[in-house]
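Inside the fold
Residues per chain are reported as follows:
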Amino acid sequence: MPLSALVARYDHVLLDLDGCVWVGDEPTPGAVAAVTALRAAGKGVAFVTNDTQLGTEEYVRKLWRLGFQASLEEVVTAGGALQFVLAERFTGRSAVVIGSPAIHRHVEAAGMRIVNDTTFASRADVVVVAVHPRFDYGELRDATQAALRGAYLLGSNRDASFPMPDGFWPGSGSILKAVEYASGRTGETVGKPEPVLVQTALDRLGPGRALMVGDRVDADLGAAHAAGIDGAIVLTGASDRETAEAATKPSAIAIAERLETLVLGALR
């Protein structure tokens, strides 16, 4: 199936997951056909996500289960970026971790000691914050106490919410904001709109003109701009058309109803 004139101009296409490739546990309409067409046309493909609830291998398995081909090298996550930053700066130190089992594994793989639910929690060197469905007051308390004592505050991203089939759920940014508000501290984040994830994907894809496609004006367009590439918005996730059309710094190279429309059909 031929690509749209817009997408055909690019050598590589970077795709956000939540709200662009899938919502919850279902692909967005036509997304499987769109990604298949990109590969058939010889385009480089990468999946770039702020979601930290799964590990890289788990995202690859989910992509295959939903009908998408994917390799480990093609999936770039905020969890992996957290691990890289922690390994560079804090190996051998202690951490309070708010996050999924995958985030705990990333922190441990960075050579850190997790001190949640111990007498050392309030004296941790680093507080790591990412979304997970079992977030509770005890985690917020330990993170707040550690941050107040001077722990470095590192979050996966500032996404306020993410799309699910029954509506929007609170994202990592909402949890990070709670820790910041309680402690009076401001954290660093590694996910989009910071350019790290996009730059990692571009390094793996190699030379060529690249397009970032996502559903969030702030995170996805922001990351594309920060990394020096074009960005497009699809309307199956966080941002609606009014928001996407109002974005000027940066603006979207295209706005489409869904990924399939952008990749295979005429834009509306």
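Our subject is the structure listed above.
Computed from a predicted structure; not experimentally measured.

A closer look at the packing of helix α4 (residues 78–89) against helix α5 (residues 101–109)
- Taken N-terminus to C-terminus, the directions of α4 and α5 make an angle of 25°; their axes are 8 Å apart at the nearest point. Regarding the angle of α4 to α5, the classification is roughly parallel. Considering only the axes of α4 and α5, their crossing is right-handed. Contacts from Gly79, Gly80, Leu82, Gln83 and Leu86 of α4 reach α5 at Ile103, His106, Val107 and Ala109.
- Looking at the contact of α4 with α5 residue by residue, the classes come out as five nonpolar, four polar and no charged.

Some words on the pattern of salt bridges
- Taken as a whole, this structure holds 16 salt bridges when the rule is applied.
- Its salt-bridge partner being glutamate 58, residue arginine 105 comes within 3.0 Å of it at the nearest N-O pair. Remark: glutamate 58 occurs in helix α3 (residues 56–65) and arginine 105 occurs in helix α5; sequence separation between them is 47 residues.
- When the shortest N-O distance is used, the salt bridge between arginine 241 and glutamate 257 registers 2.9 Å. Here the residue arginine 241 occupies a position in helix α10 (residues 241–246), and glutamate 257 occupies one in the loop between β15 (254–256) and α11 (259–264), the gap between them amounting to 16 residues.
- Look at arginine 241 and you get partly exposed, because its relative accessible area is 24%.

Concerning the layout of surface pockets
- Taken as a whole, the largest pocket spans an internal volume of roughly 230 Å³.
- Residue lining of the largest pocket: 14 residues in total, with Val76, Gly80, Ala81, Thr200 and Arg204 positioned closest to the centre.
- When contributions to the lining of the largest pocket are tallied by element, the ones reaching two or more residues are β5 (75–77), α4 and α8 (196–205).
- A per-element tally of the lining of the largest pocket places α8 first, with four residues.
- In the lining of the largest pocket, the residues fall into seven nonpolar, five polar and two charged.
- Taken as a whole, the second largest pocket encloses approximately 160 Å³ of empty space.
- For the lining of the second largest pocket, the elements supplying multiple residues, two or more each, are α3 and β10 (161–164).
- Class assignment for the residues of the lining of the second largest pocket results in six nonpolar, two polar and three charged.

Conventions and cut-offs
- Residues numbered from 1 in each chain as written.
- Predicted model: local features only at pLDDT ≥ 70, side-chain atom pairs only at ≥ 80, totals over all residues.
- Heavy atoms only, no water.
- Axes fitted to C-alpha atoms, helices over the stretch in contact; angles between N-to-C directions.
- Helix = DSSP H or I, 4+ residues; strand = E, 2+ residues; numbered from the N terminus.
- Parallel < 35°, antiparallel > 145°, perpendicular 65-115°, else oblique.
- Left-handed = near helix turned anticlockwise from the far one by under 90°.
- Contact = heavy atoms within 4.5 Å.
- Nonpolar A, V, L, I, M, F, W, Y, C, P; charged D, E, K, R; others polar.
- Salt bridge = Lys/Arg side-chain N within 4 Å of Asp/Glu carboxyl O.
- Buried < 20%, exposed > 50% of the residue type's maximum accessible area, 1.4 Å probe, protein only.
- 1 Å grid on protein atoms, 1.4 Å probe; cavity = no way out; pocket = protein on both sides within 12 Å on 5 of 7 lines; lining within 4 Å.
- Points joined across faces, edges and corners; volume = space filled by probe spheres on them.

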